[in-house]
Amino acid sequence: MLFMIPKKRELKVRKAILRGVYEDNLRIIGKNPVILSGRVPVFFKKMFLFFSITLLSILVNGNYLNLPLFPEKQTTASLITQRPSSLPAEKPVVKPSDYQAFLGGKEMPLSRMFGLEVKTIMIDPGHGGSDSGTKGTMGTKEKDITLDIAKKLRERLRKYGRYNILITREQDTTLPLNQRVELARSSRADLFISIHLNYLPSKPINIIETYYFGPSDDDKTLRLAEQENAGSHYGLSDFKEIIGKIGETLKLQESKEFAASIQKNLFLNSKKQNANVYNFGVKRAPFVVLLGVDVPAVLAEVSCLSNREEEIELNTESHRENIARYLEAGILDYLNKGEVSYEAKRSSGRR
Amino acid sequence: MKQKEAQGEGNILFVGIDLGTSRSSISASNNTREWIESYVGWPKDFISLQVVGKPVLFGAEALKNRLSLDLCRPLEHGVIKEGIEKSEEAVKEIIKYLIELAKPQPEQKIYAVVGVPADTLKVNKLAIRRAVSEFAHSLMVVSEPFAVAYGMNLLNNSLVIDIGAGTTDLCIMHGTIPLEEDQKTILAAGDYIDEQLYSYLTEKYPNSKFNKNMVRQFKEQYSFVKELSGDIRVEIPVDGKPVMHDIKNEVKRACESILPALVETTTEMIARFDPEFQVRIKNNIVLAGGGSLIRGLREYLQNALKEYGPCNVTCVEDPLFSGSNGALKLAQDMPAKYWEPL
Ligand SMILES: Nc1ncnc2c1ncn2[C@@H]1O[C@H](COP(=O)(O)OP(=O)(O)O)[C@@H](O)[C@H]1O
Ligand SMILES: [Zn+2]
């Protein structure tokens with residue numbers, strides 16, 4: 001419908017739209033427009049979020065304190081020097097799904113074999129659709145960055161030709177955590193990595209940390225877990241029960257190894273680009289996505305959206321490509337470790 | 001609107017740019033309209049440079065000389081592609097070239113509004129800004145379907161479906177700049193049809209030689225959904241000799257492959273609104289982008305969406321320029337105080 005003389009109302013709408021475009025572009029370059037329209041001030045939203053999270057973390061915390069299933073301390077990624085990553089050309093003998101039976105239960109030494117059998121790797125870009133995850137001051141959303149990094153990682157891993165690389169979401173769609181878990185299970189993924197961005201409103205720093213599933217008694221970790229679990233259909237009571245059932249399984253040990261490899265590669269390489277990045281190490285946290293998956297699973301907080309410089313960097317193609325590269329290195333490093341012990345074990349078996 | 005001249009800013013050239021995955025166009029306030037294919041090519045080596053005679057080539061010319069060139073289609077999948085520096089460089093070259101095509105006067109300041117695919121806007125806005133800022137004095141970046149909507153005065157209760165090459169962007173307008181939830185991007189678009197058509201054809205004619213470019217040309221020439229009278233026959237080489245091939249059914253299947261996702265996403269987006277608004281939006285659905293040229297598509301969508309009440313779907317008049325025209329209109333309507341020097 002085209003009117004020769006625009007109606008008054010239409011003029012008003014147009015004015016609002018033009019202003020909207022202007023403000024949006026200010027945000028892109030990192031200037032914060034004074035928002036006039038009747039939105040809830042961000043401050044109040046944050047306060048609300050803070051209180052609800054605090055409350056929840058107190059609840060969760062209470063539960064975990066009664067469950068000293070994991071006596072070991074939280075480990076920090078050891079800084080091992082890099083080895084070239086290559087994989088054995090021959091066909092793996094045992095499928096990951098067989099390994100438990102093959103090993104006859106809890107025996108440890110062969111666990112390293114696991115890495116060898118990896119055929120299907122599932123990459124999980126955090127959040128999506130109506131769940132934006134965290135958001136930087138310029139308006140950058142966690143869900144968009146994680147998706148892009150995930151796709152880049154997929155391309156990189158595909159090049160090896162020997163893995164089947166899956167991704168939990170291809171587009172900007174809402175995908176509840178339990179569906180991600182379902183996907184990983186039904187597609188029989190052998191390795192699972194969930195990609196996220198951190199947010200530390202109180203400190204202007206950039207940190208990198210990698211998680212695997214387990215109870216945590218760290219306040220900040222629990223708060224983060226609440227945020228990352230927000231889209232799940234699991235309740236706190238489910239957690240309690242599930243954690244009770246989990247033992248010191250192979251999956252957990254492997255997940256820890258995997259996490260250490262990811263963290264090491266992410267951190268050391270990021271540090272080369274930017275000296276101001278902090279290593280928060282490998283941690284345990286009750287993330288739903290990690291819990292539901294039966295295979296080694298980690299959640300990497302690859303960068304920090306609350307940091308201005310980092311947000312700008314994350315908006316560049318090259319930085320996201322780099323992060324994907326570090327994750328690739330972390331995955332291959334982990335898989336590669338399996339090779340060494342596998343070879344060792346096999347020769348000793350022939351003896 | 002001529003308000004800018006009234007404000008005595010005659011020495012400004014307003015430009016609207018549609019930076020597309022396959023085609024990019026520019027509309028300028030001096031009435032130039034130009035477009036190129038979004039390909040950039042750099043000579044591979046010194047000899048290639050001698051052959052093509054230019055340091056950088058664009059669009060059709062770049063495609064023609066592809067063997068001598070490092071070819072780059074920077075926004076291939078809706079976002080700035082891998083290869084990184086090269087892609088950002090390519091975006092820069094495209095913008096520079098388009099602005100040259102608009103022939104600004106030497107002393108003229110350039111105020112640009114650039115429309116980009118919605119997904120590009122999410123993760124590449126800074127890169128886009130960087131690429132454009134060298135060639136413009138002031139600049140705003142918006143999402144492509146929004147520019148189309150603005151240009152057609154569809155500010156309220158409307159839905160624009162922009163079927164491009166890499167992505168189809170949907171955008172609902174309700175009187176404000178579209179929010180996150182008013183926009184959706186799906187991969188059911190031109191490139192997807194090309195891929196389908198390519199695989200249908202290689203399956204049906206395993207001995208004939210196809211390439212992606214040929215297939216795209218077939219599509220652009222014959223695209224349709226549902227019904228079409230007459231045959232579709234094309235010449236394709238078999239063992240070096242041209243042979244006629246019947247491709248009607250394959251074209252139809254390939255074009256129809258995007259329909260389910262289109263209908264589903266459209267329905268989903270409209271369903272979020274109150275029934276009263278649903279009716280209004282459904283009477284204001286506009287198809288844009290190269291994909292809107294598929295014959296029968298408008299009628300098909302109108303019918304498919306009728307299930308829940310009356311519905312009116314139209315196509316933009318000029319899919320090649322509807323984005324850049326809209327961006328130009330935005331630029332010209334923008335109050336002077338919003339144009340900040342870079
Ligand atoms: N007549 C046509 N029928 C079907 N598809 C077409 C036709 N003309 C162009 N296209 C397709 O439209 C897409 C380009 O649309 P366009 O809006 O220019 O996209 P973008 O903005 O993503 O570059 C390409 O996939 C092209 O093949
Ligand atoms: Zn997250």
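The following paragraphs examine the structure supplied in this document.

Conventions used here
Residue positions are counted from 1 within each chain, in the order its sequence is given. To label them, take the chains in the order written and letter them from A, then take the ligands in the order written and number them from 1. Only residues with pLDDT of 70 or above have their local features reported here, since the model is predicted, and side-chain atom pairs are shown and tallied only from 80 upward, although totals for entire chains, interfaces and linings are computed over all residues. Excluded from the side-chain calculation are hydrogens and water; included are all heavy atoms of the structure. The helix count covers DSSP runs of H or I at least four residues long, the strand count covers runs of E at least two residues long, and both are numbered beginning at the N terminus. In this scheme, a residue with accessible area under 20% of its type's maximum is buried, one over 50% is exposed, and one in between is partly exposed, where area comes from a 1.4 Å probe on protein chains only. Throughout, a residue-residue contact means that at least one pair of heavy atoms, one from each residue, lies within 4.5 Å. The method behind every accessible area is Shrake-Rupley, applied with a 1.4 Å probe, and residues are considered shielded solely by the protein chains displayed. Salt-bridge detection follows one rule: a side-chain nitrogen of Lys or Arg within 4 Å of a carboxyl oxygen of Asp or Glu. A patch consists of residues whose relative accessible area exceeds 30% and which take part in no salt bridge; residues with like charges are grouped when within 9 Å of each other, and nonpolar side chains (Val, Leu, Ile, Met, Phe, Trp, Tyr) when within 5 Å. Charged-residue counts in this description rest on Lys and Arg as positive and Asp and Glu as negative, His and the chain ends being excluded. By convention, charge coordinates are those of NZ in Lys, CZ in Arg, CG in Asp, or CD in Glu. Polar contacts here mean pairs of N or O atoms no more than 3.5 Å apart (in protein, one a potential hydrogen donor and the other a potential acceptor; neighbouring residues in sequence count only if both atoms are side-chain atoms). A pair of strands is labelled paired if DSSP reports no fewer than 2 bridges between them. To get an axis, a line is fitted to the C-alpha atoms, and for a helix only the part in contact is used. The angle between two axes follows their N-to-C directions and goes from 0 to 180 degrees. When we say a residue is near a molecule or strand, we mean one of its heavy atoms is within 4 Å of it. Just so you know the grouping, Ala, Val, Leu, Ile, Met, Phe, Trp, Tyr, Cys and Pro go in nonpolar, Asp, Glu, Lys and Arg go in charged, and all remaining residues, Gly too, go in polar. The domain limits used here are those given by an automatic or database domain assignment.

## Comments concerning the overall build of chain B
1) Next: For chain B, the count of helices and strands is 13 helices and 15 strands.
2) Next: Relative to its full complement of 342 residues, chain B shows a buried share of 56%.
3) Next: Of the contacts made within chain B by residues no fewer than 6 positions apart, 66% connect residues no fewer than 24 positions apart.
4) Next: Of the accessible surface of chain B, which amounts to about 14700 Å², a share of 50% is contributed by carbon and sulfur atoms.

## So, the pattern of salt bridges
Residues and elements named next belong to chain A.
1) Next: Taken as a whole and judged by the stated rule, the model has 33 salt bridges over all chains.
2) Next: A salt bridge links Glu-328 to Arg-156, with the nearest nitrogen and oxygen atoms 2.9 Å apart. Pair noted here: Glu-328 is in helix α11 (residues 317-350) and Arg-156 is in helix α4 (residues 142-158), with a separation of 172 residues, a long-range link.
3) Next: Classification of Arg-156 by relative accessible area gives buried; the value is 15%.

## A closer look at a positive patch on the surface
All names here are of chain A.
1) Next: On the surface, a cluster of positive charge is contributed by Lys-7, Lys-8, Arg-9 and Lys-12.
2) Next: In this fold, Lys-12 is placed in helix α1 (residues 8-28).
3) Next: Residue Lys-12 is classed as exposed on the basis of its relative accessible area, which comes to 66%.

## Thoughts on the environment of A:Thr168
Residues and elements named next belong to chain A.
1) Next: Among the structural elements, Thr-168 can be located in the loop between β2 (164-167) and α5 (177-186).
2) Next: Taking the C-alpha atoms as reference, Thr-168 lies 6.4 Å from Ile-123; in sequence the two are 45 residues apart.
3) Next: A distance of 2.6 Å separates polar atoms of two side chains, one belonging to Thr-168 and the other to Asp-124.

## Considering the sheet that holds strand β1 (residues 12-19) of chain B
Residue and element names in this part refer to chain B.
1) Next: The strand order across the open sheet formed by five strands is β3-β2-β1-β7-β8, and the pairing between neighbours is mixed. Edge positions in the open sheet fall to β3 (33-37) and β8 (138-143), since each of these has one partner strand only. Within this sheet the neighbouring strands show an average axis-to-axis angle of 15°, counted without direction.
2) Next: This element, helix α5 (residues 118-133), spans β1, β7 (109-116) and β8 of the sheet and lies at about 165° to β8.

## Comments concerning the site of ligand 1
Residue and element names in this part refer to chain B.
1) Next: Neighbouring ligand 1 are 16 residues; Thr-21, Ser-22, Lys-219, Glu-220 and Ser-223 lie closest to it.
2) Next: Thr-21 places a side-chain nitrogen or oxygen 2.5 Å from an oxygen atom of ligand 1.
3) Next: Here a nitrogen atom of ligand 1 sits 2.7 Å away from a polar atom, N or O, in the side chain of Ser-223.
4) Next: Notes on ligand 1: free accessible area 580 Å², of which the protein chains cover 91%.
5) Next: The biggest single contributor to the shell around ligand 1 is helix α8 (residues 212-222), with three residues.
6) Next: Across the shell around ligand 1, the residue classes tally to three nonpolar, nine polar and four charged.
7) Next: Both domains that meet at the shell around ligand 1, namely domain 1 (3-150 + 321-341) and domain 2 (190-256), each give it at least three residues.

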